[in-house]
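Chain by chain, the residues run as shown.
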Amino acid sequence: MYPPQSRKLIVAALLILASTATPVRGSSQFEYTDDRRWRWSSGEGTLVTAWLRTQFRAFDEQRPSHYDQFDDPDQGDAELRRGRFKLNIQTQDGLKIAHEYDWNNDLLYDLQLAVPAGANGEWLLGQWKPEFSYERKVSSGKQTMAERSIVNYWMQIDRQTGLAWHGKSSQTQWPVELWAAVLSGTGPRADYDGSKPMGLVRLQWNNAGGGVGFSSSDITPQTTARSQIGISLLTNTSAYTRYSSSGGSQLPGFTEGSRDRYQLWQVTQDWRWSKNGLALQQELHWKRIEDKTTGSNNDIYGAYIQLGYIPPSLRFGRAGQIELATRLAWVDIDYSDTHQGEAALALNWFLTGHRNKFTLEVNRQYANQTDAVTRSDTQVVLQWDVCF
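Asks: When you look at the pairing of strand S17 (residues 321-333) in this model, what are you seeing that I'm missing?
Replies: If a strand is regular, its side chains alternate between the two faces of the sheet. When strand S16 (residues 297-309) meets S17, the two strands line up antiparallel, connected through ten bridges. Paired with Ala-303 across the strands is Trp-330, a residue of S17. Examined bridge by bridge, S17 and strand S18 (residues 338-350) share 13 bridges and lie antiparallel to one another. Bridged to Thr-326 within S18 is Leu-345. Between S17 and S18, which pair antiparallel in sequence order, lie four residues; one of them, Asp-337, sits at a positive phi of approximately 50°.

Asks: Looking at this structure, I do not really get empty space enclosed by the protein. What am I missing?
Replies: Picture a little ball the size of a water molecule; that probe, rolled over the atoms, points out where space is still empty. Evaluation of the coordinates by the stated rule reveals five cavities of 30 Å³ or more. In terms of lining residues, the largest cavity is bounded by Glu-135, Val-138, Gln-143, Thr-144, Met-145, Glu-147, Arg-148, Ser-216, Gln-281, Gln-306 and Arg-327. Taken together, the residues of the lining of the largest cavity break down into two nonpolar, five polar and four charged.

Asks: Please clarify how the pairing of strand S15 (residues 278-291) should be interpreted in this entry.
Replies: In terms of strand pairing, strand S14 (residues 262-275) meets S15 through 14 bridges, oriented antiparallel. Residue Thr-268 lies in a different strand from S15, and its bridge partner there is His-285. Between S14 and S15, which pair antiparallel in sequence order, lie two residues; one of them, Asn-276, sits at a positive phi of approximately 50°. Pairing of S15 with S16, which is carried by 13 bridges, proceeds in the antiparallel orientation. Bridged to Gln-281 within S16 is Gln-306. Here S15 folds back onto S16 in antiparallel fashion, the turn holding five residues, of which Gly-295 has a positive phi close to 80°.

Definitions and limits used
- Residues numbered from 1 in each chain as written.
- Predicted model: local features only at pLDDT ≥ 70, side-chain atom pairs only at ≥ 80, totals over all residues.
- Heavy atoms only, no water.
- Pairing = 2+ DSSP bridges.
- Helix = DSSP H or I, 4+ residues; strand = E, 2+ residues; numbered from the N terminus.
- 1 Å grid on protein atoms, 1.4 Å probe; cavity = no way out; pocket = protein on both sides within 12 Å on 5 of 7 lines; lining within 4 Å.
- Points joined across faces, edges and corners; volume = space filled by probe spheres on them.
- Nonpolar A, V, L, I, M, F, W, Y, C, P; charged D, E, K, R; others polar.

Printed below as a string of structure tokens:
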């Protein structure tokens, strides 16, 4: 974790960089935009946008992540779940900086520098969420559902520190993107421990309409279809079997070990499609954990499919629009003979797109193990995402 003084210096340095990156010869402009962001433009190509993002949530009980948590006592609550400051800077020369700080939990989440590399490429350096899976890459403020699927707990790699190259093809017949990254494999805000770095490659085919990008729902209805298909490969040797915003940790059934105890192999396929207010997304996952201490190979499989639709009759102009959504998901944990399933329904009321919306979600989960009792639980969530 970075000390508070360092975070203040980082923000100050970014603001100074934004104002001095290019000579300001035109007329600058400062405004609060219709999509609830503060924006300053130099008049010569430098652009700075900043906003505060908050998320308020009320729920009747905690959501279980794995089999043992289904027996935990119900604990409903209402809370400020997220409070984040976001800052994006783009200079006339194409240099980009993205910064995200969670003041609610006193954590630095993102600090990424993007440097142009030719006409269709860029180098990425810093700490950010790598482009491994569509669901995890999408910001929690741009999700269709209040919660990500149960697959996310078992498969995510969360934020990492490292270096990546991102490029796009210049051929319109085959509009593909490629990410290749070398990452710390220790999670966010953690010092590199000297173990083998995490390697990641993602190939994405924007097979219709130039792709969708990393944002869920079809809020501004597209009359032509937009679609993208991605495949990601990952390998890592470290002391961890799971990652989250808190850093590296262990999945159920694994214990802490040396820095090179666990070898991870992961493959992910994701698909996103949208048209006329209808948004579909889907993912398939495979993860193998090789324990070098015990010599065991442990496989995990997961998948989900999600649909969201904003009917024309539920578009109310300034009063916003309403989306109906559903998701089915499953995870098979071979090493513990556990199967988890999930069915969720959600209703979104978009007032200013994802930047001011209410979400009501009902989520039903179950988990069973061989020769054990099937456990199930239902969670009801009411959530308000709003930016200032």
